Amino acid sequence: GSRVAADGEGLPVRQVDLLRVLRELPGPAAIVKMDIEGAEVPILERLLGAPELSRIGALFVETQEVMMPELRPRIAALQARVAGIATPRVDLWWP
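What counts, and where the lines are drawn
- In this numbering scheme, every chain counts its residues from 1 along its sequence in written order.
- Restriction of local features to residues with pLDDT of at least 70 applies here, the model being predicted, together with a cutoff of 80 or more for giving and counting side-chain atom pairs; totals for whole chains, interfaces and linings are based on all residues.
- The basis for every side-chain value is the complete set of heavy atoms in the structure, and neither hydrogens nor water enter the calculation.
- Each residue carries a pLDDT score, the predictor's own confidence in it, on a scale running from 0 to 100.
- Numbering of helices and strands runs from the N terminus; a helix is a DSSP stretch of H or I covering at least four residues, while a strand is a stretch of E covering at least two.
- The criterion used for residue contact is that any of the two residues' heavy atoms lie within 4.5 Å.
- For every residue, the accessible area (1.4 Å probe, protein chains only) is compared with the maximum for its type, and the residue is labelled buried under 20%, exposed over 50%, or partly exposed between those bounds.
- Pairing between two strands is assigned when DSSP locates at least 2 bridges connecting them.
- Seen with its strands pointing away from the viewer, a crossover is right-handed when the path leading from the first strand over the helix to the second is clockwise.

S.K.: Describe the confidence of the model for the protein chain, naming the residues involved and giving the relevant values.
M.R.: Model confidence for the protein chain is summarised by a mean pLDDT of 89, while 91% of its residues fall at 70 or above. Per-element confidence in the protein chain ranges from a low mean pLDDT of 60 for strand β1 (residues 2–6) to a high of 97 for strand β4 (residues 56–61).

What follows is the structure in structure tokens.
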């Protein structure tokens with residue numbers, strides 16, 4: 001697992017493999033929303049090339065390039081990739 005800071009203290013957080021979760025769902029996910037403080041970048045890099053992407057109706061992601069400028073080149077590459085995807089709807093500019 002991972003640890004997330006909450007008021008200066010760590011909390012255990014169970015991690016799951018999003019692609020595995022999507023494969024194991026009984027049907028498609030209507031909406032997936034990600035806001036995971038920079039961890040969305042490696043997940044998206046993997047998801048955008050995977051068949052599991054077709055199991056999502058709409059994907060809304062809060063990217064962290066303002067707070068984590070080191071991610072800007074990778075996020076720009078992801079934005080270019082999603083520009084060519086017709087379905088599902090992928091919004092990397094949310095909120």
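S.K.: Tell me about unusual backbone geometry, residues and numbers included.
M.R.: A cis amide bond links Thr87 to the next residue, Pro88, at an omega of 0°. Following the sequence through the fold, Pro88 ends up in the loop between α3 (72–83) and β5 (89–91). Positioned with a positive phi, Glu37 is a non-glycine residue whose angle comes to about 50°. Along the polypeptide, Glu37 turns up in the loop between β3 (29–34) and α2 (40–47).

S.K.: Can you break down the environment of Glu65 residue by residue, with the values?
M.R.: Within the secondary structure, Glu65 sits in the loop between β4 and α3. Once the C-alpha coordinates of Glu65 and Ile75 are considered, the two residues, ten residues apart in sequence, prove to be 7.3 Å apart. Residues within four places of Glu65 in sequence aside, it is in contact with Arg72, Ile75 and Gln79.

S.K.: Can you lay out the pairing of β4 for me, pointing to particular residues and giving the numbers?
M.R.: Within β4, five of the six residues are buried, which leaves it mostly tucked inside the rest of the structure. Looking at chain direction, β3 and β4 are connected through five bridges and run parallel. Paired with Val32 across the two strands is Leu59, which belongs to β4. Taken together, β3, α2 and β4 constitute a β-α-β crossover, and its handedness is right-handed. With three bridges joining them, β4 and β5 adopt parallel strand pairing. Bridging from a neighbouring strand, Leu59 pairs with Val90 of β5. One crossover worth recording links β4 to the parallel β5 by way of α3, and it is right-handed.

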